[in-house]
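Residue-level listing of the chains:
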Amino acid sequence: MSIESGRAAIELRGVSKRFGSVQVLNRVDLDVHRGKAVVLIGPSGSGKTTLLRCMNFLEEFEEGEIRIDGEPLGYSDDGTRRRRPEREIARQRAALGMVFQSFNLFPHMTVLANVTVGPVRIKGLPRSEAEAVARELLDRVGLGHKLDAYPGQLSGGQQQRVAIARALAMKPKAMLFDEVTSALDPELVGEVLAVMRQLAESGMTMVIVTHEMAFARDAADQVVFMSGGSIVEAGPPDQLFHAPQTERLQAFLRHFREGYRL
Amino acid sequence: MFDVVFRSWPLLLAATGETVLLSVASGLLATLLGILLALGQLFAARALRYLVEVWLYVMRGVPLLVLLFAMYYALPYTGIDLSPRVGGILVLSTYFSAFMAEIFRSAVLAVPKGQWDAARGIGFHGWRLMREVIVPQALRLASASYVNTMIMLVKGTSLVSIIGLWELTLAGRQIVERTLASFQVFGAVALIYFVLCYGLSLAGRYLEKRFSYVH
Ligand SMILES: Nc1ncnc2c1ncn2[C@@H]1O[C@H](COP(=O)(O)OP(=O)(O)O)[C@@H](O)[C@H]1O
Ligand SMILES: [Mg+2]
């Protein structure tokens, strides 16, 4: 039993999604509790990215519902499953921070502008206030000295840390990370994982898709194993990594250990 | 030998003014119309989108000269009475707006999908999303082709001389008829067109530098 009496920050109930005739998500149920870090693992093509994108309504889903702090995401509350007006969807998206594998920083803006554009244009924060917040966040991710640089002048690891700061600047209820270290050179992975670890320790609610099993073991409160668009197994990291119950997770971990010599 | 050119200089200059006026007016209108057509193609409801597409195919598939003749000879029968100048500007701007539309549309589509995702993820939508994130990047992608099309438009204004609109090319022909100095006069006319277009090229280069960012 969790201590918090309320409902989970992010609740998924029976979420299903198809791309054409391909069933990519198959009745997914998941609770992400406040202040917890949930790590999603699973083979390529198992639907992890799609699931994360559904949580930010960057993808529509045909069945089931997702609630953010109790509010149904993307579709109206009245049971008609009508898509909400874009303005409302935008407000709901702003409440969750998303970080992508390919950084997706705005190349025409400086680092500082990347981090302030959301707070200023979406939240209507005064520029000076937004810049103060941005400086503090960029300091926290170790980039306080790069405010005036453009994304193209930064390493991948630096860009990804700016992307994390950009998402945090919106003061989201939760952060979603989609394989954020997969596009990085090996020597740059550590600096990004360190920022995420620090974030988890500070009590941020996080959903993290990653292939960094050591990180998952250390930082996750819960590990979720997906395969073929379904959640096959979920539990605390100790249990999942050391006593996997299902054939498929056992095979996945074996495969992984061979490939990555963990 | 170039006396003719010097003596006709005031006339050539005035005609250049008319050509610049035609270019600026048609260029502005073509740009505005091109933006609207591109937006229609990208975001409008399906029926309107098809309509826009058909319109663009027609505009791109018919020669400018034919459009000018159609306007000049056919329009009077419909009871619509346009001055050659207004008619010329309308034909030039609708014709070139079709090319502008394609430039803007493909520039918007060339902005990586991840940029849309990132902007939406932060909470941008609609016009704000376009203005803050997509348009600045699309403009940079479009700038070279845009300047190119503008140059075609400036040169395209010479065709309206055929429907009797007095501008640089028609002025040149009139001067040649009086002086028979075709080589010198058309040399001067060509030089003026070249200077106008070269100026546009330079301006385009400059803008591209201004808009560029480290990638
Ligand atoms: N935009 C799309 N159109 C069609 N199929 C897609 C699209 N995105 C993902 N898929 C398919 O959905 C499945 C799950 O993909 P994804 O969520 O990216 O998995 P993962 O992140 O676990 O590798 C894959 O089979 C993939 O080919
Ligand atoms: Mg993925």
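Residues numbered from 1 in each chain as written. Chains lettered and ligands numbered in written order. Predicted model: local features only at pLDDT ≥ 70, side-chain atom pairs only at ≥ 80, totals over all residues. Heavy atoms only, no water.

### Re helix 8 (residues 168-179) of chain B
All names here are of chain B. For helix 8, with 12 residues, the first-to-last C-alpha span of 16 Å sits near the 16 Å given by 1.5 Å per residue. Those residues of helix 8 lying buried are L168, T169, L170, A171, G172, I175 and V176. Looking at the buried side of helix 8, the elements it contacts are helix 1 (3-7), helix 2 (9-43) and helix 9 (182-211). Its side-chain oxygen 3.1 Å from the backbone nitrogen of T169, E167 forms the N-cap of helix 8. Remark: L180 follows helix 8 within two positions and exhibits a positive phi of approximately 65 degrees. (Helix = DSSP H or I, 4+ residues; strand = E, 2+ residues; numbered from the N terminus. Expected span 1.5 Å × (residues − 1). Buried < 20%, exposed > 50% of the residue type's maximum accessible area, 1.4 Å probe, protein only. Contact = heavy atoms within 4.5 Å. Polar contact = N/O pair within 3.5 Å; in protein donor to acceptor, adjacent residues only side chain to side chain.)

### Comments concerning the UniProt feature "domain: ABC transmembrane type-1" (unreviewed entry) in chain B
Per the UniProt record, "domain: ABC transmembrane type-1" (unreviewed entry) is found at residues 16-204 of chain B. Counted over residues 16-204 of chain B, helix gives 84% and strand 0%. Its end C-alpha atoms are 21 Å apart. (UniProt positions renumbered as here; feature names shortened; annotations may be inferred.)

### Topic: the pattern of salt bridges
All names here are of chain A. Enumeration according to the criterion identifies 25 salt bridges over all chains in this entry. Between R34 and D69 there is a salt bridge, with its nearest N and O atoms 2.7 Å apart. Residue R34 is found in the loop between strand 2 (22-32) and strand 3 (37-41), and its partner D69 is found in the loop between strand 4 (63-68) and strand 5 (71-72); the two are separated by 35 residues along the sequence. Here D69 falls in the partly exposed class, since its relative accessible area comes to 33%. Across the pair E60 and R83 runs a salt bridge, and its minimum N-O distance is 2.4 Å. Highlighted residues: E60 in the loop between helix 1 (48-55) and strand 4 and R83 in the loop between strand 5 and helix 2 (86-94), separated in sequence by 23 residues. Among the residues examined, E60 registers a relative accessible area of 37% and is labelled partly exposed. (Salt bridge = Lys/Arg side-chain N within 4 Å of Asp/Glu carboxyl O.)

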